[in-house]
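Chain by chain, the residues run as shown.
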Amino acid sequence: MFRHRIIPVLLLDKSGLYKTQRFLNPRYIGDPINAIRIFNDKEVDELAFLDIGATIDNRNPNLAVLKDIASECFMPLSFGGGIRNVEMIREILNVGVEKVVINTAAVERPRLISESAQLFGSSTIVISIDVKRNHFGKPLVHIRGGRERTRLNPVDWAVEAERLGAGEVLINSIDQDGMMQGYDWMLIKSVSDAVSIPVVAAGGARGIIDFARAIKDYEVSAVAAGSCFVFQGKHRAVLITYPTRMELETALY
Amino acid sequence: MTTIVDYGMGNLGSIQSMLKKLGETSIITSDPYVIEQASRLILPGVGSFDSGMNHLTELNLISSLNKRVVQDKVPILGICLGFQLMTKSSMEGTLTGLSWFDAYTVKFELKESIKKYVLPNMGWRKVSIRKEIPLFEGLDDDSWFYFVHNFHAVTDNIELVSMTSEYGYEFVASLTKDNILGVQFHPEKSHKYGLRLLQNFIRYY
């Protein structure tokens, strides 16, 4: 039986959890360890932690914090933010992280993908692609937490990442991030059609309705979301939630 | 006390954390002497077959493992790559494996036409228990385990196969022979199902 992954993406800055809108205005959500304990109880498929300040501040991942996080996670854990070389990847995997998420460094030095896939196995390497549409609606890959635009087209970059050995790609829409209006469907479809490695949709999910659409109609392997797992109601009160297995199976299959 | 073999192939912290949660003390070591004293072993690992074998060779661990596992019959649980290394060889490389199982490791052969079966096989899968052994007490065919792999074991000796799973076709999820236990999935990442399996391992082996 096949089970698609529903992945909460939690944004770290130093040791606290935050949630952004369109990659801006980080709002404090709470302590990561508390959040993990709740997600453990809810038997979450997988958790992703992204350090949103690491690349911008040019600092290394905080291995001590990461080790605490990994020690609490009894589900697969991905970590991204500030990863620049294979030595860093090795250290991160050694504290108990399952997969690393690479973005800026892979765009700047694509060979990092092949080097790390060779050493640690493709399945360990996730390439995250942050995408923002320009005034003409053309999607462009952005790096450094969305602050720097590149000339790369997300589909071309996803195909290249696959060729270099990436195990999966996380497609994150900057325009939809935190808006809870649904994924950037055209973007998801274009990437999902172009590669044969798992594609994870991210950015904008309202909840189970968008997860079901992405999986059924857009054939993604997994869906990721932030806001709908940490906010409740129209006033966006902080409350950690996750659909039950029953709710997911009813909606997805 | 469980000894986790560290041969530089990643992801050992999570196993130690889950053992700690179960109240089991453990050490992570790459010292052949310590391994020769172990009363229960875990051989984890993520990465490629040849680099795994090379690391075991460079660290001088192969003879210690053979002595403790094959001669002294100390229980050992191989996880993911650690399990694949227990077979004779892998299509992923050219080196000879530990050869504890009369089995080989091969790449998934998936039909290109079916979009949802892509490699790696990464995610939660249901399993089918083929052999009632203490390792699987409390688990059943509705149990989910977390898999991340491109390769899987095959064997002509059906008696070794204790669990299978499905990804495009039925493949070996676990081989066991007395004190030698191997699982393709990651119990340390499989919530309550993995906790139960590790608990069985430390309780019954």
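Quick caveat, the model's predicted, so the values are computed rather than measured.

Calculation rules
Residues numbered from 1 in each chain as written. Chains lettered and ligands numbered in written order. Predicted model: local features only at pLDDT ≥ 70, side-chain atom pairs only at ≥ 80, totals over all residues. Helix = DSSP H or I, 4+ residues; strand = E, 2+ residues; numbered from the N terminus. Rg over C-alpha atoms; globule rule 2.2 N^0.38 Å. Contact = placed C-beta atoms within 7 Å. Buried ≥ 20, exposed ≤ 12 C-beta atoms within 10 Å, placed from the backbone. Arc of directions from axis to C-beta. pLDDT = per-residue confidence, 0-100. Pairing = 2+ DSSP bridges. Axes fitted to C-alpha atoms, helices over the stretch in contact; angles between N-to-C directions. Parallel < 35°, antiparallel > 145°, perpendicular 65-115°, else oblique. Left-handed = near helix turned anticlockwise from the far one by under 90°. Nonpolar A, V, L, I, M, F, W, Y, C, P; charged D, E, K, R; others polar. Right-handed = clockwise from strand over helix to strand, strands pointing away.

Side note on the overall build of chain B
So, point 1. Looking only at helices and strands, chain B features six helices and 11 strands.
So, point 2. The globule rule puts the C-alpha radius of gyration for 205 residues at 17 Å, and the 16 Å found for chain B is close to it.
So, point 3. With the C-alpha coordinates of chain B rotated into their principal frame, the extents come out at 50 × 40 × 30 Å.
So, point 4. Within chain B, counting contacts between residues at least 6 apart in sequence, those at least 24 apart form 69% of the total.

Focus on the overall build of chain A
So, point 1. In terms of helices and strands, chain A carries 11 helices and 14 strands.
So, point 2. In terms of overall size, chain A behaves like a compact globule, its C-alpha atoms giving a radius of gyration of 17 Å where 253 residues would be expected to give roughly 18 Å.
So, point 3. Here the C-alpha coordinates of chain A stretch approximately 40 × 40 × 40 Å along the principal axes.
So, point 4. Counting all 253 residues of chain A, 52% fall into the buried class.

Considering helix H4 (residues 86–94) of chain A
Residue and element names in this part refer to chain A.
So, point 1. All buried positions along H4 are accounted for by Ile89, Ile92 and Leu93. Down the axis of H4, the smallest arc covering the buried residues is 95 degrees, so these residues share one side.
So, point 2. Downstream of H4 by a residue or two, Gly96 has a phi angle that is positive, lying close to 105 degrees.

Points about the confidence of the model for chain B
So, point 1. When pLDDT is averaged along chain B, the result is 93, and 96% of the positions lie at 70 or above.
So, point 2. Interface confidence in the predicted complex, given as ipTM, is 0.71; pTM for the same model is 0.81.

Things to note about the sheet that holds strand S11 (residues 180–183) of chain B
Residues and elements named next belong to chain B.
So, point 1. Pairing is mixed across the open sheet formed by nine strands, whose spatial order is S2-S1-S3-S4-S11-S10-S9-S6-S7. Of all the strands in the sheet, the pair left with one neighbour each is strand S2 (26–29) and strand S7 (144–149). Direction aside, the axes of adjacent strands within the sheet are offset by 30 degrees on average.
So, point 2. As judged from the four bridges shared by strand S4 (residues 76–79) and S11, these two strands associate in the parallel manner.

Describing the packing of helix H1 (residues 32–41) of chain A against helix H3 (residues 63–72) of chain A
Residues and elements named next belong to chain A.
So, point 1. Put simply, H1 and H3 touch, their axes get as near as 9 Å, and they point 15 degrees apart. Between H1 and H3, the angle is such that the two are roughly parallel. Where H1 crosses over H3, the two elements pack in a sense that is right-handed. Counting all contacts with H1, which are made through Pro32, Ile33, Ile36 and Arg37, the residues of H3 involved are Asp68, Ile69 and Glu72.
So, point 2. Class assignment of the residues belonging to the contact of H1 with H3 gives a composition of four nonpolar, no polar and three charged.

Regarding unusual backbone geometry
What you tend to see is this: most non-glycine residues have negative phi, and most peptide bonds are trans.
So, point 1. Even without being a glycine, Met180 of chain A presents a positive backbone phi close to 55 degrees.
So, point 2. Residue class for Met180 of chain A comes out partly exposed when judged on the 18 C-beta atoms lying within 10 Å of it.
So, point 3. Positive phi is not limited to glycine here, since His191 of chain B has a value of about 45 degrees.
So, point 4. Looking at where His191 of chain B falls in the secondary structure, it is placed in helix H6 (residues 191–204).
So, point 5. Using a count of 23 C-beta atoms within 10 Å as the deciding quantity, one classes His191 of chain B as buried.

Here's the deal with the interface of chain B and chain A
So, point 1. The partner chain A presents 30 residues to the 27 residues of chain B that form the contact.
So, point 2. Classifying every residue of the side of chain B that touches chain A by side-chain character gives 11 nonpolar, 12 polar and four charged.

A few points about the environment of Ile188 of chain A
All names here are of chain A.
So, point 1. Checked against the element boundaries, Ile188 lands in helix H8 (residues 185–194).
So, point 2. The class of Ile188 is buried, set by 24 C-beta atoms lying within 10 Å.
So, point 3. A C-alpha to C-alpha distance of 8.5 Å links Ile188 and Val200, two positions 12 residues apart in sequence.
So, point 4. Once residues lying within four places of it in the same chain are set aside, the contact partners of Ile188 are Ile171, Tyr183, Ala201, Ala214, Tyr218 and Val220.

Considering the pairing of strand S6 (residues 99–102) of chain A
Residues and elements named next belong to chain A.
So, point 1. Every second residue of S6 is oriented toward a common face, with Lys99 and Val101 on one face and Val100 and Ile102 on the other, all of them buried.
So, point 2. Pairing analysis gives three bridges linking strand S5 (residues 77–80) to S6, with the strands arranged parallel. Note on S6: the bridge partner recorded for Ser78 is Lys99.
So, point 3. As a crossover connection, the stretch from S5 through H4 into S6 is right-handed.
So, point 4. Where S6 lies against strand S7 (residues 125–133), three bridges are found, and the strand directions are parallel. Considered in S7, the bridge of Val101 is made with Val126.

Looking at the environment of Ile209 of chain A
Residue and element names in this part refer to chain A.
So, point 1. Of note, Ile209 is situated in helix H9 (residues 208–218).
So, point 2. Judged by C-beta crowding, with 12 C-beta atoms within 10 Å, Ile209 ranks as exposed.
So, point 3. In this structure the C-alpha to C-alpha distance between Ile209 and Phe49, which are 160 residues apart in sequence, comes to 23 Å.

Considering the packing of H3 of chain A against helix H1 (residues 13–21) of chain B
So, point 1. Running from N to C, H3 of chain A and H1 of chain B point in directions that differ by 55 degrees, and their axes come no closer than 8 Å. Relative to H1 of chain B, the element H3 of chain A is oriented oblique. By crossing handedness, the relation of H3 of chain A to H1 of chain B is classed as right-handed. Contact with H3 of chain A, carried on its side by Lys67, Ala70 and Ser71 of chain A, involves Gly13, Ser14 and Ser17 of chain B of H1 of chain B and no other residues of that element.

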